[in-house]
Amino acid sequence: MHDSAYKDRTPPQTIDITTAPFKSSVLTVDAKWIDHNGHLNQSYYSWLFDLGLMEIFSAVGLGPPYIKARNCSTMTVESHLCFIREVFAGDPVRVSAQFIDVDDKRLHMYCELHHETEGWLSCTSEWMELHVDMAADSGGWPADDSWGLAGESAEDYEEPPF
């Protein structure tokens, strides 16, 4: 169901990674993702965040080339969603991600899903990713590596005023 859409998606090359929060390309809410109440089904909010984060991770150097070259990846170990406002079939949305904290094996992110043309906030999410050495099947960052841009943007993170 999701597998082919994920594998066939080509991340755009135009993501601005000079300033956090990092933003995905515009994503469109698919009519197949609408539930019996007429709005986006709750599970597809995670799907939209995943698509946007795939683009952002690729842009900061943690995408498929990194996974293939290093045999390392990130895996979600915890996520939370807060639903603010409904989105509907055909709505254009964009994911933004701010890396909050990093250590030798974890990456903590705060993300938002905004309606692209009207600008309002639809959903927030918080993610904890674990860096995994796929060969060793264990968490942790190789000694000769770093979180790169993700770590640098986490250093610049300021707590929101709420």
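Report on the accompanying structure. (Residues numbered from 1 in each chain as written. Predicted model: local features only at pLDDT ≥ 70, side-chain atom pairs only at ≥ 80, totals over all residues. Heavy atoms only, no water.)

**Considering the pattern of salt bridges**
The condition that has to hold: Salt bridges are identified by distance alone: a Lys or Arg side-chain nitrogen within 4 Å of an Asp or Glu carboxyl oxygen. Comment: elements are numbered from the N terminus, with helices defined as DSSP H or I runs of at least four residues and strands as E runs of at least two. Categorising residues by exposure relies on relative accessible area from a 1.4 Å probe, with only protein chains included: less than 20% of the type maximum marks a residue as buried, more than 50% marks it as exposed, and the intermediate range marks it as partly exposed.
One pass over the structure, following the stated rule, counts two salt bridges. We note a salt bridge from R94 to E116, for which the minimum N-O separation is 2.9 Å. With R94 in strand 4 (residues 92-102) and E116 in the loop between strand 5 (106-115) and strand 6 (121-133), this residue pair connects regions lying 22 residues apart in the sequence. Between D103 and R106 there is a salt bridge whose closest N-O contact spans 2.4 Å. Overall, D103 belongs to the partly exposed group, its relative accessible area being 27%. For R106, a relative accessible area of 36% corresponds to the partly exposed category.

**Considering the packing of aromatic side chains**
Centre-to-centre distance and the angle between the planes together describe a pair of aromatic rings. Rule in force here: Aromatic rings from Phe, Tyr and Trp, taking only the six-membered ring of Trp, are treated as a pair when their centres fall within 6.5 Å; an angle between ring planes under 30 degrees marks them as stacked, one over 60 as edge-to-face, and anything in between as tilted. Each ring is checked for a lysine NZ or an arginine CZ that lies within 6 Å of its centre and within 35 degrees of its normal; such an atom marks a charge sitting over the ring.
Within this structure, the stated rule accounts for five aromatic pairs. A ring pair is formed by Y45 and F83, whose centres lie 5.0 Å apart and whose planes are at 75°; its orientation type is edge-to-face. Residue Y45 is found in helix 2 (residues 42-59), and its partner F83 is found in strand 3 (residues 72-83); the two are separated by 38 residues along the sequence. Judged by its relative accessible area of 4%, Y45 is buried. Note on F57 and F99: the rings are 6.2 Å apart at their centroids and 50° apart in plane angle, and the pair reads as tilted. You can see F57 sitting in helix 2 and its partner F99 sitting in strand 4, a full 42 residues away along the chain. Take F57 and F99: they sit in the same class, and that class is buried. Lying over the aromatic face of W120, R85 brings its terminal NZ or CZ to 4.0 Å of the ring centre.

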